[in-house]
Amino acid sequence: MSSPSIHSTGKDPLALDDAPSAAVHVSTAVSPWRRGAFIVAVSLVLVLALALGLGLGLGLGLNKHSTPRKLPTVTTNASSSYLMNMDLVNESTTTRYFEWTVAEAMGAPDGFQKPMLVVNGQFPGPTIEANEGDRIIVNVTNNLPNATAIHWHGLYQRGTNYYDGTQGITQCGIPPGQWMVYNYTLDDWAGSTWWHAHSGMQYTDGITGALIVHSKNESESMADLYHAFSETLLPVYFQPGGIAGTPGNEPVPDGGTINGIGQWGPTNDTFFNITLQPNKTYRLRLVNAGTFVAMQFSVDAHNLTVVEGDGTPVAPVQASSVSVAVAQRYSVLLRTDQAPGAYWMRAALDQGAFTYDNPATQVEIRAVVRYGVADDTLPDVALLDNPPAVSGGDPGALDTGALVPVGGGPAPNATFSTYFTISMQYAAGGSDDTVSEYLAFINETSWTMLAGTASLFAHVGGGSAEGAGGQLVATIATAQVAEMVVQNFDDGDHPFHLHGYKFWVLGGGAGTYADAARALLNNTAPMLRDTVVIPAYTWMVLRFVADNAGYWAFHCHIQWHMAAGLLMQFSVLPSESAQFVIPQYMFDQCAQ
């Protein structure tokens, strides 16, 4: 089956055979969002991703590429592999072992063949499914030509900060041809999350996967996608004057995927599809594993019930669709109670983030969910551009302000406070847009990775990352209730993620923060999560209990912005982290 409505036509202004500015139209709209990717689960897992490149830290991308050779082909997981094993919940606490190899491969997630970076030859990578309290041991072998590191998004890593997997902060990276063992326990954490490379822009090129932790009392991915390799796109992003003559314009993705499958081009009509049972309730675990934009998730003719956000159980909220920002996660309940048949599942890219036109972009990714019919039944193609009405009334898109944690209450009073500003600009003395890079700053510091060490390693060795160039570190010497006031002076929204913690989102407002604005805050039962969107030209107040020793990154999860330096660090309880017993081989890898 093929239809003109299933694919996009037109020329990509970032196509490799074009000049970067060719056929580019600059949008005058403020870009409120950036690139993204997703995961769904049921318990079923959906991972959403964007098609594009790969990016994290400035100068940390895949700057060396292997000489041309025949690469293995990426494999796509069977739909059944995204169904969770509910028998696992009844198992005793145990240790779960995984052997992973990171390597280059050729894949075509949406029908366009491109080089990728993958784990065990898969995209998305292997799903880790475990119970709260389990120990996870992952032996990662690096067959890339550059160093890599794997971050376990949202996990606390209490006592094991050095296994957080953040290159330049908690490790130096696994050198080419070497291995590293990540060894941590899932204490006091349950819910839906994901793992991804935290080295350069590597996760944009495919190093991502789901991580599902069942709670002790317990009863799917999406992403934007780029066809060009990240090492090609990052210099385009940083080119003097910017893409289409506007500094800071992020590359527009070519499309996206749901659980590794997308649709691009005039002949690709392949969909992720799953057959369910009628009159059942399924938990879909959504993860945006993308690079740049939020993705709007929905299932035709069905309402969704949101029950979790970033690992925090919430009071049920009805919604017809859910916008998932880059790095955020939600669990939604889907009731298969409509007429037997096949229905379109959709993940739409947030085009409000696009600052120029890419007519070749596939702006909506589709999958198929069916029940009560044959396994090869497809939905009506005529409904692709005309979604049916939601049965029983349309509650509208999810309002994140309506999310209330189960058993939640007021956040404790702050005992430590700090103020951060977000901006994107030329570096001091670099106002000439013909030669300068347009960088991202927190409090006028643009992060760059330390050379030959990591922040934690320098600290354990008796030194310090504080005061070093490109490092903004807030030190919290004793256990405190820390409050951040984050002021966004940029014209775009930023999904910020804090490693090692969840924070209470107390609220925010438009314009510039002032003490009088605190009257707008809500501390009745604020949402508790690890990734939040700070809209353009607004401020936001976040609060967390700083009692987990280590160096923890706080950064924008839009990979282009991370590459431009939008990251700072908290050094919490430095007297405790100085006593960490870190494997010697991790120090040795810094010299390689």
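See the structure above.
All values derive from a computational prediction rather than experimental measurement. (Residues numbered from 1 in each chain as written. Predicted model: local features only at pLDDT ≥ 70, side-chain atom pairs only at ≥ 80, totals over all residues. Heavy atoms only, no water.)

*Asks:* Now, about the packing of aromatic side chains: what can you tell me, with residues and values included?
*Replies:* Here the structure, examined in full by the defined rule, presents 21 aromatic pairs. Judged by centre distance (5.3 Å) and plane angle (90 degrees), the rings of Trp194 and Tyr203 are edge-to-face. Each member of the pair Trp194 and Tyr203 is classed as buried. Among the aromatic residues, those joined into a cluster by ring pairs are Trp100, Trp152, Tyr162, Tyr163, Tyr182, Tyr184, Trp195 and Phe580. (Phe/Tyr/Trp six-rings, centres within 6.5 Å; stacked < 30°, edge-to-face > 60°. Buried < 20%, exposed > 50% of the residue type's maximum accessible area, 1.4 Å probe, protein only.)

*Asks:* Please give an account of the pattern of salt bridges that cites residues and values.
*Replies:* Any two side chains of opposite charge can pair if their charged atoms end up close together. Under the defined criterion, the tally for this structure stands at 13 salt bridges. Between Asp300 and Arg346 there is a salt bridge; the shortest N-O distance is 2.8 Å. With Asp300 in the loop between β15 (295–299) and β16 (304–309) and Arg346 in strand β20 (residues 341–349), this residue pair connects regions lying 46 residues apart in the sequence. The exposure classification of Asp300 matches that of Arg346, with both residues buried. One salt bridge connects Glu483 with Arg518, and the closest N-O pair in it is separated by 3.0 Å. Of this pair, Glu483 sits in strand β25 (residues 480–488) while Arg518 is found in the loop between β27 (503–510) and β28 (527–529), placing the two residues 35 residues apart along the sequence. In this structure Glu483 comes out as buried when scored by relative accessible area, which is 5%. Its relative accessible area of 30% is what places Arg518 among the partly exposed residues. (Salt bridge = Lys/Arg side-chain N within 4 Å of Asp/Glu carboxyl O. Helix = DSSP H or I, 4+ residues; strand = E, 2+ residues; numbered from the N terminus.)

*Asks:* Now, about the sheet that holds strand β18 (residues 322–324): what can you tell me, with residues and values included?
*Replies:* Strands sit in the order β13-β21-β20-β15-β18 across an open sheet of five strands; the sheet is mixed. Strands at the two margins of the open sheet, each flanked by one partner only, are β13 (272–276) and β18. Strand-to-strand, the axes of this sheet are offset by a mean angle of 25 degrees, without reference to chain direction. Relative to strand β21 (residues 364–371), β20 runs antiparallel, the two sharing eight bridges. What sits directly across from Arg346, in β21, is Arg366. (Pairing = 2+ DSSP bridges. Axes fitted to C-alpha atoms, helices over the stretch in contact; angles between N-to-C directions.)

*Asks:* Explain the side chain of Asp300 residue by residue, including any values.
*Replies:* Classification of Asp300 as buried rests on a relative accessible area of 5%. The contacts of Asp300, once residues within four sequence positions are left out, are Tyr343, Trp344, Arg346, Leu383, Pro387 and Pro388. (Contact = heavy atoms within 4.5 Å.)

*Asks:* Would you mind going over the sheet that holds strand β22 (residues 416–426) in detail, with residue names and values included?
*Replies:* Sheets are built from strands paired through backbone hydrogen bonds, the pairs being either parallel or antiparallel. Taken in spatial order, the six strands line up as β23-β22-β25-β30-β27-β28 in an open sheet, and their pairing is mixed. Both edges of this open sheet fall to β23 (438–442) and β28, since each of them pairs with a single strand only. Averaged over all pairs of adjacent strands, the angle between strand axes in this sheet comes to 25 degrees, irrespective of strand direction. With three bridges joining them, β27 and β28 adopt antiparallel strand pairing. Of the residues in β28, the one forming a bridge with Trp504 is Leu528.

*Asks:* So what's going on with the nonpolar core? Which residues, and what values?
*Replies:* Counting 154 residues, the largest nonpolar core has Trp100, Trp152, Tyr182, Phe544 and Phe570 as its most contacted members. The element contributing the most residues to this core is strand β2 (residues 44–51), with six residues. Aside from chain neighbours lying at most four places away, what touches Tyr182 is Ile136, Ile137, Val138, Val140, Ala149, Ile150, Trp152, Tyr163, Gly165, Gln171 and Ile174. Formed by nine residues, the second largest nonpolar core is a distinct cluster that contains Val485, Tyr513, Ala517 and Leu521. (Core = buried A, V, L, I, M, F, W, Y, C linked by side-chain atoms within 4.5 Å.)

*Asks:* Could you give me a rundown of the state of the cysteines, with the residues and numbers involved?
*Replies:* Per the counting criterion, the structure on display carries one disulfide. Linked covalently through their sulfurs, Cys172 and Cys590 form a disulfide whose S-S length is 1.9 Å. Measuring the twist about the S-S bond at about 85 degrees, one finds the Cys172-Cys590 disulfide to be right-handed. Per residue, the accessibility class of Cys172 equals that of Cys590, and both read buried. (Disulfide = S-S within 2.5 Å.)

*Asks:* Describe in detail unusual backbone geometry, supporting the description with residues and values.
*Replies:* Of note, the amide linkage connecting Phe123 to Pro124 takes the cis form, showing an omega dihedral of -10 degrees. Phi at Gln157 is positive, roughly 50 degrees, even though this residue is not glycine. Within the secondary structure layout, Gln157 lies in the loop between β7 (150–152) and β8 (179–185). Unlike most non-glycine residues, Asn443 shows phi in positive territory, near 50 degrees. Here Asn443 lies in the loop between β23 and α2 (455–460).

*Asks:* Can you lay out the layout of surface pockets for me, pointing to particular residues and giving the numbers?
*Replies:* Put simply, the second largest pocket is a space of about 570 Å³. Lining the second largest pocket are 25 residues, with Thr400, Gly401, Val505, Arg529 and Val532 sitting closest to its centre. Counting residues per element, the ones that place at least two in the lining of the second largest pocket are β27, β28 and β29 (531–534). Sort the elements by how many residues they give to the lining of the second largest pocket and β27 lands first, with four residues. (1 Å grid on protein atoms, 1.4 Å probe; cavity = no way out; pocket = protein on both sides within 12 Å on 5 of 7 lines; lining within 4 Å. Points joined across faces, edges and corners; volume = space filled by probe spheres on them.)

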